[in-house]
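Fold and geometry: a report
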Amino acid sequence: MKTRKLGTSGLEVSEIGLGCMGMSAFYGAFDDKESTATIHRSIELGVTFLDTADAYGPHTNERLVGAAIKGKRDKVVLATKFGIRLDPKDPMARSISGSPDYVRAACDASLERLGVDHIDLYYQHRVDGSVPIEDTIGAMADLVKAGKVRYLGMSEAGPETLRRACKVHPIAALQTEYSLWTRDPEDNGVLAACRDLGVGFVAYSPLGRGFLTGKYRSLDDFDADDYRRNSPRFQGDNFAANLRVVDEINALAKDKGCTASQLAIAWVLAQGTDIVPIPGTRSRERLEENAGASAVTFTADELRKLEDLAPKGFTAGDRYPANMMKLVNR
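Throughout what follows, the structure given in this document is the object of discussion. If you're wondering where the values come from, they're calculated on a predicted model, not measured in any experiment.

For the chain, the helix and strand inventory stands at twelve helices and twelve strands. The C-alpha radius of gyration of the chain comes to 19 Å, within 12% of the 20 Å expected for a compact globule of 330 residues. Along the three orthogonal principal directions, the C-alpha set of the chain runs to about 50 × 40 × 40 Å. Within the span of the chain, comprising 330 residues, buried residues form 57% of the whole. Here the analysis covers contacts within the chain between residues at least 6 apart in sequence; of these, 74% occur between residues at least 24 apart. Carbon and sulfur atoms make up 49% of the accessible area of the chain, which totals about 13,700 Å². Averaging the coordinates of the 43 positive side-chain charges in the chain and doing the same for the 46 negative ones gives two points 2 Å apart.

This paragraph deals with the layout of surface pockets. Considering only enclosed or pocket space, the largest pocket measures out at about 1,000 Å³ in volume. Lining the largest pocket are 48 residues, with G22, Y27, R209, R228 and G280 sitting closest to its centre. Going through the elements one at a time, strand 6 (84-87), helix 9 (260-269) and helix 10 (284-291) are the ones with two or more residues in the lining of the largest pocket. Looking at which element gives the most residues to the lining of the largest pocket, the answer is helix 10, with three residues. Taken together, the residues of the lining of the largest pocket break down into 21 nonpolar, 15 polar and twelve charged.

For the rest of this paragraph, the subject is the state of the cysteines. Tallying each qualifying case throughout the model produces zero disulfides. Note on C107: no disulfide assigned, nearest cysteine sulfur contributed by C20 at a separation of 18 Å. No disulfide involves C194; its sulfur sits 8.2 Å from the nearest other cysteine sulfur, which is in C166. On the basis of relative accessibility, which here comes to 1%, the residue C194 falls in the buried class.

Cut-offs used in this document
Residues numbered from 1 in each chain as written. Predicted model: local features only at pLDDT ≥ 70, side-chain atom pairs only at ≥ 80, totals over all residues. Heavy atoms only, no water. Helix = DSSP H or I, 4+ residues; strand = E, 2+ residues; numbered from the N terminus. Rg over C-alpha atoms; globule rule 2.2 N^0.38 Å. Buried < 20%, exposed > 50% of the residue type's maximum accessible area, 1.4 Å probe, protein only. Contact = heavy atoms within 4.5 Å. Areas by Shrake-Rupley, 256 points an atom, 1.4 Å probe, with all protein chains shown as cover. Lys, Arg positive; Asp, Glu negative; His and termini not counted. Charge placed at Lys NZ, Arg CZ, Asp CG, Glu CD. 1 Å grid on protein atoms, 1.4 Å probe; cavity = no way out; pocket = protein on both sides within 12 Å on 5 of 7 lines; lining within 4 Å. Points joined across faces, edges and corners; volume = space filled by probe spheres on them. Nonpolar A, V, L, I, M, F, W, Y, C, P; charged D, E, K, R; others polar. Disulfide = S-S within 2.5 Å.

This is a description of form; function is not addressed.
Encoded structure:
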C-alpha cells in the first residue's frame, strides 16, 4: 500500500484508510470478532490509517479499535473525533459541544477507551456554532502541547471556519463526505480552501454509504435499525433515480475488470494526491477488495466517461436527514 501526506502537515498515512464506524454503529448487526480480524488484516495489508470517533456506539468503537491495536500501536496512524453528543434515549437526537472544557475531557476519555497515550490525528467532529472556533482550536492546540495529540483535524467544517481555525493552529486534515455521488466539496469551496491552506482532505463514505457497490436494490436490503433507512437518498423515487446511475457505473467497472467498489475508491484517489479515502467495512473480504483499488488507474477518456455518467449534482436527495444536515458547518 502506497502512502500520501496530508497537506503540508508532514503526517503520512496509507493512501487508503479504514473507516471503523460501521463496526459498532448505524449499519445494523455487529460482529466484534470479525471486526477485530478486519483491523488486524488491514495492518497486514498496509491499510494503517484507522478512523474512529467517540460518538460511534457511542464509545464502543473506540474500545474495539483500542483492543484490536493493542501491541500494534506503532503500526497504525490513529484518528478519532470529539464533539457529537448522542442521546441514548433517542438515536436520532444529538447535540454539539466545542467548549474548551469539553475538548479536554473528551480527549482524556478517548485516550482511556483507546488504551493509548496519544492520538495521531484528533478531529473536531462537528463545528459548534455557539463557541468561537478560535476557542475550540485553542483548546485542541493545548492537547498537542501536552503530548496527548500529534495533529489536529476538522470534520464537516466550512471554508471560512477552516481559515479561521488555521490562524490558531495548523490543521492537518479536513474530513468530509466525498465520492462520485457526493461532490459537494468541489462546489462549496471546501476542497479549494484545503488546497490553498495546505490542509489534507480525508474523504469519508467514498462508496456512497455502500450504494455505489450496487449491492443494495431496496430498503429491504437493510437491517431494521440501519441508519440508511432514514437517509433521503435511500427513499422512494430518490432510491430509484440513484440506482439507475449506479447500474451504469457498475457496468463500466465490469468492462474495466474491477469491482464497482474499487472503481469508486480509485476515482476518489484520482482526484488528487492530497485526498485520502477511508472506506468503511467490518469484513476482511470487503477490506481486501477495497485495498485493491490502489491498483486501479484511469485513462483521460475513462474519467470523462465517468463524469458523463455521474456528473456533479446527479444524486437525488440530501445526504443526511434534516436534523443532521443542520449540524454541517457551511
